[in-house]
Amino acid sequence: MEQEVDVPGVVRRCRKVLDGVAAGAVEPHDVSSFLSDLGELPPGHPRRGEFAATMVTLLTRGGGAPPMAVMGDLGALLDMVDTAPPHLLAWPRARDAARAFQLTVEVQERAITAASATAELDELATRHPDFPPTLAAIETARMGVQLSTAFQRDDWSSMIGLTGLMGQMADSLGDAPASGPLRDLSAAMREFLRAQQTKDFGVVPDLLDRMRDSAVAAGVNPAAFSVPTEGEPLLRLLTDPEPGSGGLSTDEIIRTYAGGDTGVSGKLAASYVLMDAGLETDLDRIDRAVELTREAAAEPGPMQDIARNALAIYLWRRAEVLGTTEGLDTVQRVLEDLVGDLRGRGGSAHPLWTDVNSLLAQVKRRVGDQHGSGAAGSEAMFRFAHQALMESDPATARTSLREAAALGMDFARHRVLAGDYTGVLEALDTGRGLMLFAEVEVLDLAPRLRAAGRDDLARRWEAEGPTTPGLRAEAIEVLVAAEGGIGRLLRLPSPADIRAALGTVDADALVYLVPADQQQPGMALVVPREGPMAYLPLTHLSVRQEAGVEGYLAALSHLSRELAPAARAPFADRLDDLCEWAWRVAIGPLLDRYFARGARERGRVPRIVLIPMAELAAIPWQAARNREGTYAVELAAFSQAVSAREFCVNAARPPVRLTSTGLVVGDPHTQGPAQDLPAARLEAFEVHRAFLRSAKYVGRRPNGSVSPSGAGTAEQVRAWLTADGPHAGAVLHLACHGQFTSDEQSAKACLLLAPDAAGTPGELAADEIVRLLHSTPDRRIGLVVMAACHTGRSIHGYDEAYSLGTAFLAGGARTVLSTQWAVPDGATSMLMYLFHHYLRAEKLPPWQALRTAQLHMLHPDTPLPDSLPAHLRELVGDREHAGVVGWAGFVHGGH
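Here, residues in each chain are numbered from 1, in the same order as that chain's written sequence. For this predicted model, a pLDDT threshold of at least 70 governs which residues receive local features, and a threshold of 80 or more governs which side-chain atom pairs are given and counted, while totals over whole chains, interfaces and linings are taken from all residues. Only hydrogens and water are removed before side-chain values are computed, so all heavy atoms of the structure are retained for them.

(A) A look at the overall build of the protein. Within the protein, the secondary structure is distributed over 39 helices and 14 strands. Each radius of gyration reported is based on C-alpha atoms, and the globular scaling rule is 2.2 Å times the count of residues to the power 0.38. Taking 895 residues into account, the globule formula puts the C-alpha radius of gyration at 29 Å, and the protein, at 32 Å, falls close to it. For the C-alpha atoms alone, the extent of the protein along its principal axes is close to 110 × 70 × 50 Å. Note on exposure labels: buried denotes an accessible area under 20% of the residue type's maximum, exposed denotes more than 50%, and partly exposed covers the range between, all computed with a 1.4 Å probe on protein chains only. Put simply, the protein has 895 residues, and 55% of those count as buried. Every residue pair with non-hydrogen atoms within 4.5 Å of one another is taken to be in contact. For the protein, the share of sequence-separated contacts (at least 6 apart) that also reach a separation of at least 24 residues comes to 71%. Surface summary for the protein: the accessible area is close to 37300 Å², and the carbon and sulfur share equals 51%. Here the protein holds 85 positive side-chain charges and 112 negative ones, and the gap between their average locations is 6 Å. A run of DSSP states H or I qualifies as a helix once it reaches four residues; a run of E qualifies as a strand once it reaches two. Both are numbered from the N-terminal end. Working definition of accessibility: Shrake-Rupley area with a 1.4 Å probe, residue cover restricted to the visible protein chains. We count Lys and Arg on the positive side and Asp and Glu on the negative side, and we leave His and both chain ends out. Charged groups are reduced to one reference atom each: NZ for lysine, CZ for arginine, CG for aspartic acid, CD for glutamic acid.

Shown next as structure tokens:
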């Protein structure tokens with residue numbers, strides 16, 4: 001028999017809560033109790049709708065933004081209001097403000113799409129054009145929808161970009177009292193998001209306090225920056241450097257973290273502490289953690305997928321502790337079900353995609369399913385490619401992709417143990433050069449969106465630009481779906497594709513060099529032009545175990561082209577030690593094993609295309625030296641590539657005939673702190689006069705005067721790069737300064753050129769080079785020579801391989817010479833003249849011309865070409881003083 005409702009008691013309790021809220025005492029549990037009480041009243045009861053509407057009006061303060069802690073109750077309250085109470089004149093505004101925030105909740109719960117929510121918010125805004133508080137509430141809700149969508153996509157660029165909108169709002173207020181606090185709030189929110197992305201959770205409580213204080217000063221509801229009760233256990237867990245380290249018992253941990261109204265987050269926090277961050281060996285504690293996590297995984301909501309993943313992790317740990325495969329079928333089933341669900345919620349864009357597939361790869365490897373393990377590992381890696389495409393802010397993308405190459409190397413090592421060398425290749429290539437890949441892919445996004453039937457999105461992309469929060473991520477979702485998945489968009493090459501590319505450019509092998517880790521040796525993966533792929537273990541290929549290598553890497557940042565020889569001595573000493581190490585740990589075994597024979601049949605030394613991973617990318621492998629004093633460059637020719645993918649794309653481009661037409665830039669006056677480069681002027685002038693007579697010469701001549709053709713501005717170089725027709729030529733020679741910074745927030749590589757007439761600095765950055773060349777797809781550039789500092793160094797970490805040199809290659813240039821350090825002025829001038837001599841006079845291909853010029857520098861007794869001008873001979877003096885620093889810094893890429 002149903003219990004009769006105490007209607008007077010319900011009405012009395014509801015009135016009491018309404019009076020408290022009206023007095024400013026808004027407690028989330030009071031609102032929840034109020035809602036529960038109202039639910040007991042029959043649908044037709046007159047107080048039901050009246051009280052619900054009154055509560056909505058009070059919570060929104062007559063049409064403003066409600067407290068964040070009660071947003072989940074707004075939908076139920078609105079559903080109880082059948083007709084508007086006549087005495088609540090603010091009801092239309094309050095209703096629409098509440099509905100706006102209800103939409104953010106529905107987007108968070110994936111009940112509706114962001115597009116549907118945005119369309120309804122647009123319609124709500126048209127109803128209240130003359131009431132700023134409601135319009136502000138709707139715009140705040142719109143930001144909430146965008147933030148929720150960005151969070152679901154793990155789109156950190158958009159999340160951080162949205163905080164900038166608050167800064168813009170502050171700027172629009174001018175000197176109004178709220179402008180300063182709004183700027184402070186915007187800055188604190190940006191720091192808060194950065195802390196989450198970098199997992200610097202210790203600063204979160206202070207940032208929350210800052211946001212609340214700034215909100216109060218700005219007149220914004222501070223409750224929006226409070227952690228709901230159910231979220232407190234996770235916050236406590238994240239901000240505690242050693243959770244559970246106080247010797248708490250199992251029951252005490254559960255009471256501490258999962259007591260009260262903490263819900264799913266409390267259970268997850270308690271289970272994490274019980275598992276000792278995944279290291280627990282006590283089966284009783286593991287079983288209690290599994291029990292709590294299983295309960296959390298059964299509860300629908302935004303934390304459910306996290307709970308399901310945690311359940312699989314803890315069951316996997318249980319099997320590890322027992323040393324058995326028993327129970328792994330359950331782990332595999334949980335993970336496969338979760339992967340299936342994630343496919344419908346963003347697939348490779350989902351934040352959990354990598355973690356879930358990585359564990360699935362481990363489980364399948366443990367039960368002997370090597371093929372399935374490789375497939376799951378590949379899926380895990382696709383998440384990084386998706387992230388690279390989605391992020392519009394380079395600093396944010398760099399942070400997001402930090403683990404890509406490391407995880408790829410980890411998967412590669414496991415595929416080696418399975419004998420799956422194709423899987424090794426795919427794992428390594430999927431983690432390399434992703435920012436450069438994304439830079440190219442988004443350049444023609446508008447026509448690809450139109451081809452996918454999204455003309456509306458293409459128009460927005462063209463009108464608003466890629467930095468509009470959420471727009472790039474939405475466009476990428478469409479593109480990935482149209483291409484049939486991120487894997488097809490990546491276009492990973494097969495071994496057969498690589499062999500064909502090697503044949504096209506007349507190279508003998510592509511070789512990945514992978515450093516050792518704590519468990520497994522380093523390795524070389526060799527993809528030969530003919531024959532099967534091979535794996536070579538390289539036990540001592542570890543940068544971190546060699547203090548000399550670390551010293552060399554540190555010394556790299558202190559060089560510039562104009563430094564005197566004495567200032568270069570410390571770096572030269574480090575480099576000399578490095579040469580012997582490079583031979584011993586990698587190049588010696590590689591050449592002895594695979595390239596010691598066959599030179600006679602080839603009629604030349606072997607040509608090897610290297611892809612060095614991690615810090616190995618900074619090593620001048622061509623300068624590796626054996627005990628007899630022979631350098632690797634004397635035994636083989638070396639080129640480098642961003643990835644096998646980029647190498648194949650470049651090789652597929654038709655060759656470009658090199659003539660004496662092009663552009664030569666000689667030491668333009670930057671009108672900044674950059675020092676003059678007298679040898680660079682002489683180099684450029686003589687290269688132009690002897691080999692590129694039909695090219696335009698800009699910059700300064702040897703006597704310091706400006707060329708009649710121009711000062712060598714960035715605009716002149718831009719014009720040449722985008723010139724329409726063959727008249728401009730196909731060779732670009734740059735004898736100037738290059739600038740390289742690789743800070744977390746200000747990474748940049750650019751050429752330093754002359755400012756324009758208006759005084760605009762003459763900087764030409766790597767990302768602009770890619771865009772310029774892509775804008776003129778018919779432009780055919782055959783050779784770019786950058787006799788400038790650090791033009792081959794990556795600005796976004798070694799494995800992104802994003803440099804000035806690779807920017808030209810990505811833009812379509814066939815061959816690029818770039819530098820690994822700040823090359824010395826005098827020696828560089830001679831090397832560059834020799835390169836052009838062997839290229840033009842001896843008709844050697846660029847890679848062979850560079851090697852021959854380097855050999856010339858290496859052996860000072862080699863006769864100089866008769867064409868070498870006397871004043872250039874005098875400038876360089878004795879070639880033996882150039883040393884390895886003078887010739888080994890140049891790297892060949894491309895054809």
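(B) Here's a closer look at unusual backbone geometry. Backbone geometry at Arg-491 places phi at a positive 55°, although glycine is not the residue there. Despite not being glycine, Ala-614 shows a phi value in the positive range, around 55°. Secondary-structure assignment places Ala-614 in the loop between β4 (607-612) and β5 (637-640).

(C) Expanded view of the pattern of salt bridges. When a carboxyl oxygen of Asp or Glu is within 4 Å of a side-chain nitrogen of Lys or Arg, the pair counts as a salt bridge. Using the criterion set out here, one finds 49 salt bridges in the structure. Across the pair Arg-210 and Glu-191 runs a salt bridge, and its minimum N-O distance is 3.1 Å. Of this pair, Arg-210 sits in helix α10 (residues 204-218) while Glu-191 sits in helix α9 (residues 179-197), and the two are 19 residues apart along the sequence. A salt bridge links Asp-667 to Arg-700; the shortest N-O distance between them is 3.1 Å. In this pair, Asp-667 sits in the loop between β6 (662-666) and α32 (678-690) while Arg-700 sits in the loop between β7 (696-699) and α33 (714-721), placing the two residues 33 residues apart along the sequence. Arg-700 matches Asp-667 in its accessibility class, with the two residues each being buried. Through salt bridges with shared partners, one network takes in Glu-441, Asp-444, Arg-448, Glu-483 and Arg-491.

(D) Region of interest: the nonpolar core. Of all hydrophobic cores here, the largest spans 139 residues; its most connected members are Leu-428, Leu-434, Leu-510, Phe-647, Leu-721, Val-784 and Phe-808. With residues near it in sequence (within four places) discarded, Leu-428 still touches Gly-408, Met-409, Ala-412, Tyr-512, Val-514, Leu-525 and Met-613. Residues grouped as a nonpolar core are buried Ala, Val, Leu, Ile, Met, Phe, Trp, Tyr and Cys residues, joined through side-chain atoms within 4.5 Å. Leu-575, Leu-590, Leu-682 and Leu-783 belong to the second-largest nonpolar core, a separate cluster that totals 75 residues.

(E) Seen up close, the side chain of Asp-667. Classification of Asp-667 as buried rests on a relative accessible area of 2%. Within the structure, the side chain of Asp-667 is placed 2.7 Å from the side chain of Arg-681, a separation counted as a polar contact. Sequence-distant contacts of Asp-667, that is, excluding residues within four places in its chain, are made with Asp-676, Leu-677, Pro-678, Ala-680, Arg-681, Arg-700 and Ala-735. Pairs of N or O atoms within 3.5 Å make up the polar contacts considered here, provided that, within protein, one atom can donate a hydrogen while the other can accept it, and that residues adjacent in sequence are counted only when both atoms are side-chain atoms.

(F) Up close: the environment of Leu-479. Within the fold, Leu-479 resides in helix α25 (residues 471-483). The spatial distance from the C-alpha of Leu-479 to the C-alpha of Val-442 is 9.6 Å, given a sequence separation of 37 residues. When near neighbours in sequence (up to four residues on either side) are disregarded, Leu-479 contacts Leu-445, Arg-448 and Leu-489.

(G) Representation of the side chain of Glu-686. Secondary-structure assignment places Glu-686 in helix α32. Judged by relative accessible area, which is 2%, Glu-686 ranks as buried. For Glu-686, the residues in contact, after removing those within four places along its chain, are Phe-691, Tyr-833, Pro-869 and His-871.

(H) A look at helix α31 (residues 644-652). Judged by how many residues are buried, α31 sits mostly within the fold: seven of nine residues are covered. What α31 keeps buried is the set Ala-644, Arg-645, Glu-646, Phe-647, Cys-648, Asn-650 and Ala-651.

(I) Structural detail: the environment of Lys-16. As for its position among the elements, Lys-16 is in helix α1 (residues 7-22). Between the alpha carbons of Lys-16 and Asp-337 there is a distance of 47 Å; along the sequence they are 321 residues apart.

(J) How the structure looks around the packing of helix α12 (residues 250-258) against helix α14 (residues 283-297). Close contact between α12 and α14 brings their axes to 11 Å; oriented N to C, the two are set at 30°. The orientation of α12 relative to α14 falls into the category roughly parallel. The two elements α12 and α14 meet at a crossing, and its hand is right-handed. Within the contact between the two elements, α12 uses Thr-250, Asp-251, Ile-253 and Ile-254 and α14 uses Arg-285, Arg-288 and Leu-292. Split by residue class, the contact of α12 with α14 holds three nonpolar, one polar and three charged. In this analysis an axis means a line fitted to C-alpha atoms, helices contributing only their contacting stretch, and an angle means the value between N-to-C directions, from 0 to 180 degrees. In this scheme, roughly parallel covers angles under 35 degrees and roughly antiparallel covers those over 145, while 65 to 115 is roughly perpendicular and the rest are oblique. Left-handed describes a crossing whose near helix is turned anticlockwise from the far helix by less than a right angle; the clockwise case is right-handed. Asp, Glu, Lys and Arg are counted as charged, while Ala, Val, Leu, Ile, Met, Phe, Trp, Tyr, Cys and Pro are counted as nonpolar; the rest, among them Gly, fall into the polar class.

(K) Highlighting the pairing of strand β14 (residues 890-894). Counting buried positions over the five residues of β14 gives five, a clear majority of the element. Strands are labelled as partners when DSSP assigns at least two bridges between them. When strand β13 (residues 815-819) meets β14, the two strands line up antiparallel, connected through five bridges. Paired with Leu-817 across the bridge in β14 is His-892.

(L) Representation of the sheet that holds strand β11 (residues 762-765) in the model. With respect to topology, three strands assemble into an open sheet ordered β9-β10-β11, the strand pairing being antiparallel. Of all strands in the sheet, those bounded by a partner on one side alone are β9 (737-741) and β11. Recorded for the sheet is a direction-independent mean angle of 30° between the axes of neighbouring strands. Where β9 lies against strand β10 (residues 748-753), five bridges are found, and the strand directions are antiparallel. Residue Gly-738 lies in a different strand from β10, and its bridge partner there is Leu-751. Lying on the sheet, α33 is in contact with β10 and β11; it crosses β11 at an angle near 40°. Taken strand by strand, helix α34 (residues 766-775) contacts β10 and β11, and its axis lies near 70° from that of β11.

(M) Representation of α25 in the model. Its 13 residues give α25 an end-to-end C-alpha distance of 18 Å, which sits within 8% of 18 Å, the value for a rise of 1.5 Å per residue. Within the span of α25, buried status applies to Leu-471, Arg-472, Ala-473, Ala-475, Ile-476, Val-478, Leu-479 and Val-480. Taken together, the buried residues of α25 touch α7 (132-153), α18 (370-390), α22 (434-441), α23 (445-451), α24 (455-464) and α26 (486-490). Note on α25: the residue one or two positions beyond its end, Gly-484, has a positive phi of about 85°. Helix span is expected to be 1.5 Å times the residue number reduced by one.

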